[in-house]
Structures are given as C-alpha cells and as structure tokens.
Amino acid sequence: MPAFKADTSERKAARIIERDLAILTGPELLARYKPGTAAAQAFFTYVGKAVSDVAPKHNPFYHYVLAVWFDNPDGSSMLSAQHRIMADEILALVLGEYDTYDGYLCGRPRRSLKSTFAMAGMDWAAKRHWLADGIDITQFYVHNQFSESVSRVDTVKRKNQFHPYIMTYFDDIALPQGEWGTKEEWNWRWRSTHGSVSDPSVRAMSVAGKKAGKGAHYRWLDDCEDEDSRASETIRKSVSDGYDQLRQLESPAFSREAFLDTPYHMHGQTLTLKQAKRSDGTPRYKISWVPALTDDDKPNFPNIRKLTVEGLAKERANEMARTGTDTFWYLQYMLEAHLLSSQTMQWEWFRAIPRREYENKYRPIAHFRCIYADTAWKGQENQGKGDYTCIAA
C-alpha cells in the first residue's frame, strides 16, 4: 500500500479504497469504481491496477485475512493455494451461496490453519454484513472444549481492539481498548444497548455443554472432536446430541453453519456429517475435503512443515511406534477410515430376506451353513490390547 501524508485528499481516498477492498466483492468494486470516473482513477493510483484487472479474482475475505490474520512473514509463509480455496469457500458461505445446504463441512488435516480461518471468518462476516448489508448479526463460536472456544472468541476481540489495520481502516467500528464485554461473550460496537436483540453479538460455546441463546445467524464449529472422541463412544454420542441441540438455535432471518474439523473416529461427528444424505440421496452439507496428500502423494499444504512429505512420514512413524497401527494417522491426516486389519461390520453389508424367499430358496438346501463370529472388538477403545473371539458354525 502506498504511503500518503495524513489529512490529505489522497489519504482519505486511500482509506476508503482499502476498506472497500476488504469488504466488497469484485462485481461490487466494478459497480463502485466505474471506468472513466474519478473514483476509478483514484483506485488505479492507490492499487496500481485498474479495477477491471483486480475484480475478476478479488476475494475481500482473503484480502482481509492477509491484512489482519496473516500479517507477518512467519504466518503468511505457511499459506498455499489450498488456503485461498478455503477463503473462497468461506466467502461463498457468507454470501449465501450454500444456503440450499444444511451447512458447510470443511475437512482438513491437523495443523492446516483451519481454526485461524474459522476465527477470521467470524470476524469478517460481522463487518461484511454490517457495512455492506446493514445487518447486525449474532454468531456462536463452538469448540469441543469451552475454554478453547473462549480463547478464540477473546482472540477475535483483541484483534479488533489493537490491530493496526483495523485501527486505521475500521477505526469507526473498532472495539474500545480496555474492558469490553467478557472473554466468552461481547457485542460489536455498532450494536445498540437499547435494541431488542438480547443475545450478545458473539458467544463462546462447548458443543456438548449447556446451550444458551435464542438463535444465531452463524454457527462456527471448530474442532468439535478430540482425543476423548477417539476413545469413548459415550463422548461421541454426547458430541452428536450437543450438535443436534445447537442446530435448533437458528436466527429467524437466516442461519448458516461452518463445521471445520479433523476426523478422530470412523463413527465420529465429522465423518457422520460427510456421509449424511437427504431423502433424494443428495448430500446435506456442502463438503470440502482436502487431505494432507494428493492422490499422487504430493502435499496439499507444502508450506507447513508438519504437513510436508517428510513431516507426515515422521508423524506416521511416531503413531506406529506408539500404537502399533497407522489407523489414527490416516484419520488425522488423510481424513479417511483406513482399517484394513480391524474393519467393523456395517449394516449395509446385510440384506433382509423375506420368510417366503428363505423357505423357497434357502431352506431346501441341505448344505447351507451359517458362521457366527463374535469379534469382541470395541473399536479403538481396545484396539491393540487383545481380546477373546468366538467363532461358531
């Protein structure tokens, strides 16, 4: 961004243009900075490109993410093409392009920066709706652990209290420094204290904890599975029940959901949502599924050390040494249940046979045999520990 002296017309124009770049889509920029106008010339002077060259690939959310959430070399150096794709998907969510689905399901491996994008999405969505649409939205940030949810909500608040970019280009809506709300819930500066909305602008929640609030325009679900989900069917059911309760807390105007997670169990919530279908067989969720490696074993996130080929090989070796199997590695990094040595039975493998078919087709066959097997396998709760098995014919 070029430097301009304070309190000049150029400086004022630059502030407006930069703010528009962080909020408006490409078509909206073209409408505001029409070719041949003084505004278009000011845009060219500030950006160094004509608006017609910028607009086709412009993503205001990603522009904002780079300026606020990855504004240092260490952070921005980890980004790759897949992060731009994730930004495009979150932009589509906020623009309502996924409203025909139950939500946006984003499956990503561990350490892929999905939590940062979830926080940035909650931060940007509020500004976009208020500045572009005039809508004051309510949002829930949900995590498996309430303390982690509180930490992320507080991080968003502190960004809006102290970040130089926000202080410069969004100073009229930046949050006051000092005490403002609480760590777990607070309001944006524009919310009226005399309004009819009783819920705070932003609220932290635990997926399995007690639910509060009348409803939200956005539910950001980040890492709702964890190690406890891996080990306990009871925990997995608690997460599932909590998720179903959370889905009831919808705003009357519109309600959108982003579920960003890494699978921890083949029957966990993340893979359950991925497999969810409507009665006509179409997916319930807009699914974005990006494992650590491509089909030809190239890294999807090459700039994150732990997600390079070498880093992934080390993680897999560590998991094999620790548990004797790479099952969990496949879940966490390849986002798939890979249980060749311990695959559980699925009901889809069985076919119901009407009594008449059995009587006519199978009962007369003298050599027909059945084998009953009790594998005594309880999933990952006792995997690798041994158990008794009974097979009777």
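Coordinates for the structure precede this section.
Residues numbered from 1 in each chain as written. Predicted model: local features only at pLDDT ≥ 70, side-chain atom pairs only at ≥ 80, totals over all residues. Heavy atoms only, no water.

For this particular structure, what's the right way to read unusual backbone geometry?
Unusually for a residue other than glycine, Asp297 sits at a positive phi of about 60°. With respect to the secondary-structure elements, Asp297 resides in the loop between β7 (285–289) and α14 (309–323). Using a relative accessible area of 52% as the deciding quantity, one classes Asp297 as exposed. (Helix = DSSP H or I, 4+ residues; strand = E, 2+ residues; numbered from the N terminus. Buried < 20%, exposed > 50% of the residue type's maximum accessible area, 1.4 Å probe, protein only.)

Can you help me understand the sheet that holds strand β3 (residues 185–186) in this one?
Two modes of strand pairing occur in sheets, parallel and antiparallel, and in both the strands are linked by backbone hydrogen bonds. The strand order β3-β4-β2-β5-β6-β1-β7 describes an open sheet built from seven strands, whose pairing is mixed. The open sheet has two free edges, formed respectively by β3 and β7, since each of these has just one partner strand. Pairing of β3 with strand β4 (residues 202–206), which is carried by two bridges, proceeds in the antiparallel orientation. What sits directly across from Trp186, in β4, is Val202. Contacts from helix α7 (residues 81–94) reach β1 (103–107), β5 (218–222), β6 (256–261) and β7, with the element oriented near 165° to β1. Lying on the sheet, helix α12 (residues 233–246) is in contact with β2 (139–143), β4, β5, β6 and β7; it crosses β5 at an angle near 165°. (Pairing = 2+ DSSP bridges. Contact = heavy atoms within 4.5 Å. Axes fitted to C-alpha atoms, helices over the stretch in contact; angles between N-to-C directions.)

Would you mind showing me how to read the pattern of salt bridges here?
Two side chains bearing opposite charge may form a pair once their charged atoms approach each other closely. Counting across every chain of the model gives 30 salt bridges. Between Arg15 and Asp172 there is a salt bridge, and its shortest N-O distance comes to 3.8 Å. On the criterion of sequence distance, the pair formed by Arg15 in helix α1 (residues 9–23) and Asp172 in the loop between α10 (164–169) and β3 is long-range, its members being 157 residues apart. Under the relative-accessibility criterion, Arg15 is labelled partly exposed at 27%. Among the ionic pairs, Arg128 bridges to Glu28, the shortest N-O distance being 2.8 Å. A residue pair is termed long-range when its members are at least 10 positions apart, and Arg128 in helix α8 (residues 114–133) and Glu28 in helix α2 (residues 26–32) qualify at 100 residues. Each of Asp102, Arg219, Arg247, Glu257, Arg278 and Arg284 takes part in one network of salt bridges that share partners. (Salt bridge = Lys/Arg side-chain N within 4 Å of Asp/Glu carboxyl O.)

What exactly am I supposed to notice about helix α9 (residues 146–162) here?
Each α-helix turn comprises 3.6 residues. Residues three or four places apart therefore point the same way. Under the 1.5 Å per step criterion, the end-to-end length of α9 is 24 Å for 17 residues, consistent within 8% with the ideal 24 Å. Taken residue by residue, α9 has Ser149, Val150, Arg152, Val153, Asp154, Thr155, Val156, Lys157, Lys159, Asn160 and Gln161 as its buried positions. (Expected span 1.5 Å × (residues − 1).)

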